[in-house]
Amino acid sequence: MNERIRSKEVRLIDQDGQNHGVIQTSKALQMAYDADLDLVLINPNQDPPVAKILNYGKFKYEQEKRAKEAKKKQHTVDIKEIKIRYKIDTHDYQVRIKSIEKFIAQGNKVKIVVMLRGREMQHSNLAFDLANKFVEDMQNMPVVIEKKPQLEGRNVTLYVAPQNS
């Protein structure tokens, strides 16, 4: 290990897990050298710091393995986007509601975008009506409306999140 232990004494734990109490750093290094292992600082913030005699390569491998496992278990919240037009058919609308339910159940946020093209901008009130219909139909779902329907450029957007986030 490249890093030096700067403290004069350390609280030593040997390779068998036995606590040797506070001893001189030089003696701890000699014990690690005799056992053909490394002296690794486990908790440098304590006074005196805690050091352990162990195989540093194996220790590093175990740390990386634990970090990888923890990363695998954590869930990142994504923003799923659903794009529709205000002239949507009833069946297509039901499919979008089902996919919103699925995204919310997975713990993701949902951005609903009602797109307006060309002269459809004159009928932005119909897009707002559709966005408000989504809000009404999601009343029985465990959701929170993060951002009410509003006009962003040529689109009417609405943000929905799971209730527990």
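Look up: the structure comes first, before these words.
A few points on the structure. Given the structure is predicted, the values throughout are model-derived calculations rather than measurements.

1. Here's the deal with the overall build of the chain
Here comes step 1: Across its full length, the chain holds four helices and eight strands.
Here comes step 2: When the helices and strands of the chain are listed from N to C terminus, the series reads β-β-α-β-β-α-β-α-β-α-β-β.
Here comes step 3: Taking 2.2 N^0.38 as the reference for a compact globule, 165 residues should give roughly 15 Å; the C-alpha atoms of the chain span a radius of gyration of 30 Å, well beyond that estimate.
Here comes step 4: Across its three principal directions, the C-alpha atoms of the chain cover 85 × 25 × 25 Å.
Here comes step 5: Evaluated residue by residue, the chain yields a buried proportion of 32% over its 165 residues.

2. With respect to the pattern of salt bridges
Pairing is possible between side chains that carry opposite charge, provided their charged atoms lie close to one another.
Here comes step 1: Going through the model one piece at a time under the given rule, you end up with four salt bridges.
Here comes step 2: As a salt-bridge pair, Glu81 and Lys111 come within 3.5 Å of each other at their nearest N and O atoms. Here Lys111 lies in strand S6 (residues 109-115) and Glu81 lies in strand S5 (residues 79-85), a separation of 30 residues in the sequence.
Here comes step 3: Judged by its relative accessible area of 42%, Glu81 falls in the partly exposed class.

3. Observations regarding the side chain of Thr157
Here comes step 1: Topologically, Thr157 is positioned in strand S8 (residues 155-162).
Here comes step 2: By relative accessible area, which is 2% here, Thr157 ends up buried.
Here comes step 3: Within the structure, the side chain of Thr157 is placed 3.2 Å from the side chain of Glu152, a separation counted as a polar contact.

4. Some thoughts on helix H1 (residues 25-34)
Here comes step 1: Within the span of H1, buried status applies to Thr25, Ala28 and Ala32. One side of H1 holds all its buried residues, which, seen down the axis, span an arc of 60°. In H1, the exposed positions angled more than 90 degrees off the buried face are occupied by Ser26, Lys27, Tyr33 and Asp34.
Here comes step 2: Residues of H1 that are buried make contact with strand S1 (9-13), strand S2 (19-24), strand S3 (38-43) and strand S4 (50-54).
Here comes step 3: Taken from the residues just after H1, Asp36 is the one with a positive phi, measuring 60°.

5. Side note on the sheet that holds S4
Here comes step 1: Pairing within the open sheet is mixed, and its four strands lie in the order S2-S1-S4-S3. Only two strands of the sheet have a single neighbouring strand rather than two, namely S2 and S3. Adjacent strand axes in the sheet meet at a mean angle of 35° when their direction is disregarded.
Here comes step 2: Bridge count for S3 against S4 is five bridges, and the pairing is antiparallel. The residue bridging Asp38 from the neighbouring strand is Leu54, located in S4.
Here comes step 3: In this fold H1 packs onto S1, S2, S3 and S4, with an angle of close to 125° to the strand it touches most, S2.
Here comes step 4: Of the strands in this sheet, S3 and S4 are in contact with helix H2 (residues 56-73), which crosses S3 at around 35°.

6. What to know about the pairing of S8
Here comes step 1: Burial analysis of S8 places seven of its eight residues in the buried class, which makes it a mostly covered element.
Here comes step 2: Of the pairings in the sheet, the one linking S6 to S8 comprises six bridges and is antiparallel in character. Each bridged residue has a counterpart across the sheet, and for Val110 the counterpart in S8 is Val160.
Here comes step 3: What sits between the antiparallel neighbours strand S7 (residues 143-152) and S8 is a turn of two residues, in which Gly153 has the positive phi angle 65°.

7. Here's the deal with the packing of aromatic side chains
Here comes step 1: On inspection of all chains with the given rule, the structure shows two aromatic pairs.
Here comes step 2: Look at Tyr56 and Phe59: their rings are 6.3 Å apart centre to centre, the planes differ by 40°, and that puts the pair in the tilted class. Pair noted here: Tyr56 and Phe59 are both in helix H2, with a separation of three residues, about one helical turn.
Here comes step 3: The exposure class assigned to Tyr56 is partly exposed, which follows from its relative accessible area of 26%.
Here comes step 4: Judged by centre distance (4.7 Å) and plane angle (45°), the ring pair of Tyr93 and Phe134 falls under tilted.

Rules and cut-offs
Residues numbered from 1 in each chain as written. Predicted model: local features only at pLDDT ≥ 70, side-chain atom pairs only at ≥ 80, totals over all residues. Heavy atoms only, no water. Helix = DSSP H or I, 4+ residues; strand = E, 2+ residues; numbered from the N terminus. Rg over C-alpha atoms; globule rule 2.2 N^0.38 Å. Buried < 20%, exposed > 50% of the residue type's maximum accessible area, 1.4 Å probe, protein only. Salt bridge = Lys/Arg side-chain N within 4 Å of Asp/Glu carboxyl O. Polar contact = N/O pair within 3.5 Å; in protein donor to acceptor, adjacent residues only side chain to side chain. Arc of directions from axis to C-beta. Contact = heavy atoms within 4.5 Å. Pairing = 2+ DSSP bridges. Axes fitted to C-alpha atoms, helices over the stretch in contact; angles between N-to-C directions. Phe/Tyr/Trp six-rings, centres within 6.5 Å; stacked < 30°, edge-to-face > 60°.

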